[in-house]
Amino acid sequence: MIRHLAIVGATGAVGREVCAIITEGRIRVDRLTLLASSRSVGTRIEVAGRSFEVAETTERGFEGVQYAIFSAGADRARLFAPAAVKAGATVVDNSSAFRMDPDTPLVVPEINPDDARRHRGIISVPNCSAIILAMPVWPLHRVNRVRRIVVSTYQAASGAGAAAMEELRTQTADHLAGRKVTPRVFPHPIAFNLFSHNTAIGDDGYNVEERKVIEEMQKIFHEPHLAIAPTCIRVPVLRAHSESVNLTFERPITPQEVREILSKAPGVQLVDDVSANRFPMPIDASGRDQCLVGRIRQDISQPDGRGIQLFVCGDQLRKGAALNAVQIIELLESMKP
Ligand SMILES: NC(=O)c1ccc[n+]([C@@H]2O[C@H](COP(=O)([O-])OP(=O)(O)OC[C@H]3O[C@@H](n4cnc5c(N)ncnc54)[C@H](OP(=O)(O)O)[C@@H]3O)[C@@H](O)[C@H]2O)c1
């Protein structure tokens, strides 16, 4: 039983998913505090059959809080997480604020649970595309070292938050009704379109999202030289990211070996029905805890048998954020003497 949990950003897409996970009964919380911006003060959210009023996030609002799940962006995390830690809370942060800080563990409980032990008050949840990539790659890497990853993402609108989900809905309706489509949250039309991830491009030509995938995978895997070439694309899917993944292993490996390893991997579910041509789809991954993996085949362009191609879909609001945060709290609770 969690004595006192605070959710910062409780009105957002991720915050509401944390509330949904509590309602499902995965964790039991004695006292729950819901926080957001001043705009949401007074909003009521139903959690586990009880109605809670949202309060404004302030530095003084963390007295007595045991765990605080932050889902309110990097600026808010930098502003309020230190105050939460000072008040005695352990912060699990979904933003990018502290992910690459050497003193902050970046944890996926199925992969690097022991990293959580060395936290100093804050544990970061990795970027959602990195988590969904890491889930099928890690169990393979443990058996046969992965030397190189080429990944293309198909990222859902919900990855950019509740307002972006609404923009996809509104633009789709406007487009179908023949009305003018005006992008507000995204820089380009999202309905009936796709575009390169809406983050800044660095001098090396990679955008911020692609850089996060590279650096965070290396940190989670403890493999600072793991070679990763990502292309991150936003697609008009409401929920659940998809990723096309090409892997080069240290030694030859067959699709059958990959299927056997992944069929036993925690948090991963094989969806690889060749006869029915049924493979992972974001619509099937939505609302699910597991990442769906399929289209497992040899990379025939690598004649030495070291190449594998696969396709993964994972609900980035769940495993890519809210669920991973809740799992970190479960992990910390299980580590208590
Ligand atoms: N969406 C995803 O799939 C995903 C995946 C992984 C990580 N994340 C990360 O999770 C965080 C939240 O993302 P989201 O998608 O849930 O965004 P969102 O739907 O836009 O929600 C943002 C939340 O932050 C709150 N907030 C904004 N300004 C605030 C302030 N000044 N003080 C306190 N709270 C404030 C908002 O409250 P109001 O409603 O009052 O404005 C809202 O609850 C981000 O850091 C994001 O990078 C998101």
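Owing to the predicted nature of the structure, the values given are computational and were not obtained by experimental measurement.

### Section: the site of the ligand
Consideration 1: Surrounding the ligand, one finds 29 residues, the nearest of these being Gly12, Ser37, Ser40, Ser95 and Gly161.
Consideration 2: If you list the elements that add at least two residues to the shell around the ligand, you get α1 (13-23), α2 (74-86), α4 (162-176) and α8 (318-334).
Consideration 3: For the shell around the ligand, the element with the highest residue contribution is α1, accounting for three residues.
Consideration 4: Of the residues in the shell around the ligand, the class split is eleven nonpolar, 16 polar and two charged.
Consideration 5: A domain-level breakdown of the shell around the ligand finds at least three residues from each of domain 1 (2-125 + 321-334) and domain 2 (130-316).

### Describing the sheet that holds strand β15 (residues 307-314)
Consideration 1: Spatial strand order, β10-β11-β9-β12-β15-β14-β13: seven strands in an open sheet with mixed pairing. The sheet is open, and its two borders are formed by β10 (195-196) and β13 (268-270), each paired with just one other strand.
Consideration 2: Here helix α3 (residues 128-143) sits on the sheet in contact with β9 (146-155), β11 (227-234), β12 (241-249), β13, β14 (291-298) and β15, set at roughly 35 degrees to β12.

### As for the packing of α3 against helix α5 (residues 208-221)
A pair of packed helices is characterised by two quantities: the angle between their axes and the separation of those axes.
Consideration 1: The contact between α3 and α5 brings their axes to 10 Å, and the two run at 40 degrees. Taken together, the axis directions place α3 and α5 in an arrangement best described as oblique. Crossing angle aside, the handedness with which α3 passes α5 is right-handed. Contact residues: Ser129, Ala130, Leu133, Ala134, Trp138 and His141 in α3; Glu209, Lys212, Val213, Glu216, Met217, Ile220 and Phe221 in α5.
Consideration 2: The class makeup of the residues in the contact of α3 with α5 is eight nonpolar, two polar and three charged.

### Comments concerning the domain arrangement of the protein chain
Consideration 1: Partitioning the protein chain into structural domains gives domain 1 (2-125 + 321-334) and domain 2 (130-316).
Consideration 2: Centre-to-centre separation of domain 1 and domain 2, based on C-alpha positions: 25 Å.
Consideration 3: Facing the 13 residues of domain 1 at the interface are 17 residues of domain 2.
Consideration 4: Considering every element that reaches the side of domain 1 that touches domain 2, the biggest residue donor is α8, with three residues.

So, how was this worked out
Residues numbered from 1 in each chain as written. Predicted model: local features only at pLDDT ≥ 70, side-chain atom pairs only at ≥ 80, totals over all residues. Near = placed C-beta within 6 Å. Helix = DSSP H or I, 4+ residues; strand = E, 2+ residues; numbered from the N terminus. Nonpolar A, V, L, I, M, F, W, Y, C, P; charged D, E, K, R; others polar. Domains from an automatic or database assignment. Pairing = 2+ DSSP bridges. Contact = placed C-beta atoms within 7 Å. Axes fitted to C-alpha atoms, helices over the stretch in contact; angles between N-to-C directions. Parallel < 35°, antiparallel > 145°, perpendicular 65-115°, else oblique. Left-handed = near helix turned anticlockwise from the far one by under 90°.

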